[in-house]
Amino acid sequence: MTRTLDVSGLVINRAGLPVVRGVSLSAQKGQISVLLGANGAGKTTLLEGLSGIIPTSGGDIALNGRSVIAARAGERARAGLSHVEQGRTVFRQLSTEENLLVGMAPGADLADAYDLFPELLNRRGVRAGLLSGGEQQMLVIARSLLTRPEVILIDEMSAGLAPVVVQRLMAAVRRLADAGLAILLVEQFAALALRIADHAYVMRRGELVYDGLPQPLLADPDRLHHLYLGDVQAA
Amino acid sequence: MNALLTSAVAGLTAAGAYALLGVCAVFTFRLVAVVNFTGAAIGTAGTFSMIGFISLGVPLWPAVVLGILVGTLAGALIGLVMTQWFSEATATTKAAVTAALLVGIVALGLRLTGGQSPKEFPTLFPGSAFRLAGVEVTVASVLTVVLALVFTLLADAFLNRTRTGLHLRALSERPMAAELLGVRVRILALLVWAVTGAFTTFALMIIAPQRSPDFMSLSLLVVPALAAALVGAFRSFPLALAGGLTIGIVEGMSSAIDGISQYRGILPFFVILAVLLWSQRGARWDEAR
């Protein structure tokens, strides 16, 4: 199996305190890896370290076998590591289509974005700030797709959205993985995310406490609960 | 009446320069989110460099080009400082940094140019362009106004019709989101600083012979420039253009009125005060209710 993203022993400090402590994980081509954990576990910090938003203090990040640990965020993006941040970071003053065009890589096709989310086609001339929350989330995922990434890191895409929209987004993410992308998905809706995932990680207090298949966690919600809260040792 | 008209026309050169500096301030704020206090000082550095090159025996127009190059590099250097160390800072911090840099540039400029002793600046565009209601309108006046207008139109077209313009608009709104999409944000930010450095230098070269030609006075042209930008709410190029032209023309007219002519320098402060009070009217109305 191709390990598109390989993270080993990653350490990230914030204000001098370790927030991510020696995390090793991978994201593989054609697979969704879901990263779960309670609030404050360090999931978002980990993604920010992976994409280069914040500096790391130790460990390595390799993309297709090449270390990108010293690269800036923009260089990592151009190398194929895309990050869909939490909070639906659309460019509010730009139209939907302009948002899509900002990061469009050579060879990318706008039609791919509209094919993934046909809802955006009728809204292409609308300023992104006027879109609904669900449409904005679709837009940032579609925008990421047009950078022609190999790995997409997606942070809390379902926050504040209606369940029907969340299911729509989950289906789209599954479709991206089936098309050959490696996805690392941070998600609070654990059950929904585990259902579409190929691999699962659980993080607690900056460390991985579960690294394995999603099915055991789906089958035993109590175990997941205990992993979140810390009453059970790592699998 | 004729005296007023003459003075208004005389104020056109300053008006064009204020407008161009104001539009440059809007350009910088819209694209790199910095209220730039160093704009005029950068232009002043380029203008004094031109004088330096001329004194070294370089002919006028090559010296102009070299001066603009110095202004461009100075702008890029300030941009490098801002993007390297303050890219994630708040707008207030960025403004404070540029204010501090202004003080530093002025101190250095005064030291290198021999204090506040005036220098002689060559008139780049001598002569009269045409007569307006019996008043001579100089080539320099027309050129500064046209330059301001061209910069306004070019900036607007560039931002709305080119891919780099789209990147700049994205960068101005969410620098990190733009960077995560692979946009080369640092290079683009440096480009913005360099371009504004070049334009402000050329504007100051044109206006310098008609102002108090010392480093401090020219650097403080940032005040009318920011007043013009404020008229455009730091967003609208056409309103900043109109603001700069109005301030310059009213300043020129006031020089013909005994009793207030010696106070015409404070006009930009009145404009700043008026715009700020106007912008607060909603809050006051809410409080009153």
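Report follows, based on the coordinates. (Residues numbered from 1 in each chain as written. Chains lettered and ligands numbered in written order. Predicted model: local features only at pLDDT ≥ 70, side-chain atom pairs only at ≥ 80, totals over all residues. Heavy atoms only, no water.)

**Structural notes on the pairing of strand β2 (residues 135-138) of chain B**
Residue and element names in this part refer to chain B.
- Because side chains alternate across β2, one face comprises the buried residues Val 135 and Val 137, and the other comprises Glu 136 and Thr 138, none of which is buried.
- Of the pairings in the sheet, the one linking strand β1 (residues 128-132) to β2 comprises four bridges and is antiparallel in character. Within the sheet, the bridge partner assigned to Arg 131 lies in β2 and is Glu 136. (Buried < 20%, exposed > 50% of the residue type's maximum accessible area, 1.4 Å probe, protein only. Helix = DSSP H or I, 4+ residues; strand = E, 2+ residues; numbered from the N terminus. Pairing = 2+ DSSP bridges.)

**Some thoughts on helix α1 (residues 43-51) of chain A**
Residues and elements named next belong to chain A.
- The element α1 is extensively covered by neighbouring structure, given that nine of its nine residues are classed as buried.
- When α1 is considered as a whole, its buried residues turn out to be Lys 43, Thr 44, Thr 45, Leu 46, Leu 47, Glu 48, Gly 49, Leu 50 and Ser 51.
- Looking one or two residues past α1, Gly 52 carries a phi angle of roughly 95 degrees, positive in sign.

**Structural notes on the packing of helix α2 (residues 12-32) of chain B against helix α6 (residues 139-161) of chain B**
Residues and elements named next belong to chain B.
- Where α2 contacts α6, the axes come no closer than 6 Å and their chain directions differ by 20 degrees. By the angle class used here, α2 and α6 are roughly parallel. When you trace α2 past α6, the crossing you get is left-handed. Note on element contacts: α6 touches α2 through Ala 140, Ser 141, Thr 144, Val 145, Leu 147, Ala 148, Phe 151, Thr 152, Ala 155 and Leu 159, opposite Leu 12, Thr 13, Gly 16, Ala 17, Ala 19, Leu 20, Val 23, Cys 24, Phe 27, Arg 30 and Leu 31.
- Along the lines of polarity and charge, the residues of the contact of α2 with α6 split into 15 nonpolar, five polar and one charged. (Axes fitted to C-alpha atoms, helices over the stretch in contact; angles between N-to-C directions. Parallel < 35°, antiparallel > 145°, perpendicular 65-115°, else oblique. Left-handed = near helix turned anticlockwise from the far one by under 90°. Contact = heavy atoms within 4.5 Å. Nonpolar A, V, L, I, M, F, W, Y, C, P; charged D, E, K, R; others polar.)

**Digging into the interface of chain B and chain A**
- Contacts between the two partners involve 18 residues from chain B, matched on the other side by 23 residues from chain A.
- Between chain B and chain A, the buried area comes to about 1,900 Å², and carbon and sulfur atoms account for 58% of it.
- Between chain B and chain A we count one salt bridge in total.
- Between A:Glu98 and B:Arg169 there is a salt bridge whose closest N-O contact spans 3.1 Å.
- Here chain B and chain A share nine residue pairs in polar contact (both at pLDDT 80 or more) between them.
- Mapped onto the side of chain B that touches chain A, the elements with two or more residues apiece are α7 (163-173) and α8 (175-180) of chain B.
- If one sorts the elements of the side of chain B that touches chain A by residue count, α7(B) sits on top with six residues.
- Class assignment of the residues belonging to the side of chain B that touches chain A gives a composition of eight nonpolar, three polar and seven charged. (Buried area = accessible area lost by both parts, 1.4 Å probe. Salt bridge = Lys/Arg side-chain N within 4 Å of Asp/Glu carboxyl O. Polar contact = N/O pair within 3.5 Å; in protein donor to acceptor, adjacent residues only side chain to side chain.)

**Here we look at empty space enclosed by the protein**
- All chains considered together, the criterion is met by two cavities of 30 Å³ or more.
- In terms of lining residues, the largest cavity is bounded by 14 residues, among which B:Leu21, B:Ala25, B:Asn36, B:Gly39 and B:Thr200 are the most central.
- Elements with a minimum of two residues in the lining of the largest cavity: α2, α3 (39-55), α9 (185-207) and α11 (222-231) of chain B.
- For the lining of the largest cavity, the leading source of residues is α2(B), giving four residues.
- Partitioning the lining of the largest cavity into residue classes produces eight nonpolar, six polar and no charged.
- Of the voids in this model, the second largest cavity is the one considered here, and its volume is about 70 Å³.
- Lining of the second largest cavity is provided by A:Ser82, A:His83, A:Val84, A:Glu85, A:Thr89, A:Val140, A:Arg143, A:Ser144, B:Ala177, B:Leu180 and B:Leu181.
- Elements supplying a minimum of two residues to the lining of the second largest cavity: β6 (81-84) and α5 (133-145) of chain A together with α8 of chain B. (1 Å grid on protein atoms, 1.4 Å probe; cavity = no way out; pocket = protein on both sides within 12 Å on 5 of 7 lines; lining within 4 Å. Points joined across faces, edges and corners; volume = space filled by probe spheres on them.)

**Here's the deal with the packing of α2(B) against α11(B)**
Residues and elements named next belong to chain B.
- Two elements in contact, α2 and α11, have axes whose closest approach is 7 Å; the angle formed by their N-to-C orientations is 65 degrees. α2 and α11 meet at a crossing whose hand is right-handed. Residues Tyr 18, Leu 21, Gly 22, Ala 25 and Val 26 of α2 form the contact with α11, whose own contacting residues are Pro 224, Ala 225, Leu 226, Ala 228 and Ala 229.
- Of the residues in the contact of α2 with α11, the class split is nine nonpolar, one polar and no charged.

**Brief notes about the nonpolar core**
- Counting residues in each nonpolar core, the largest one holds 81 residues, and the members touching the most others are A:Phe91, A:Val102, B:Met50, B:Phe202 and B:Leu221.
- Formed by 51 residues, the second largest nonpolar core is a distinct cluster that contains A:Val84, A:Val140, A:Ala172 and A:Ile196. (Core = buried A, V, L, I, M, F, W, Y, C linked by side-chain atoms within 4.5 Å.)

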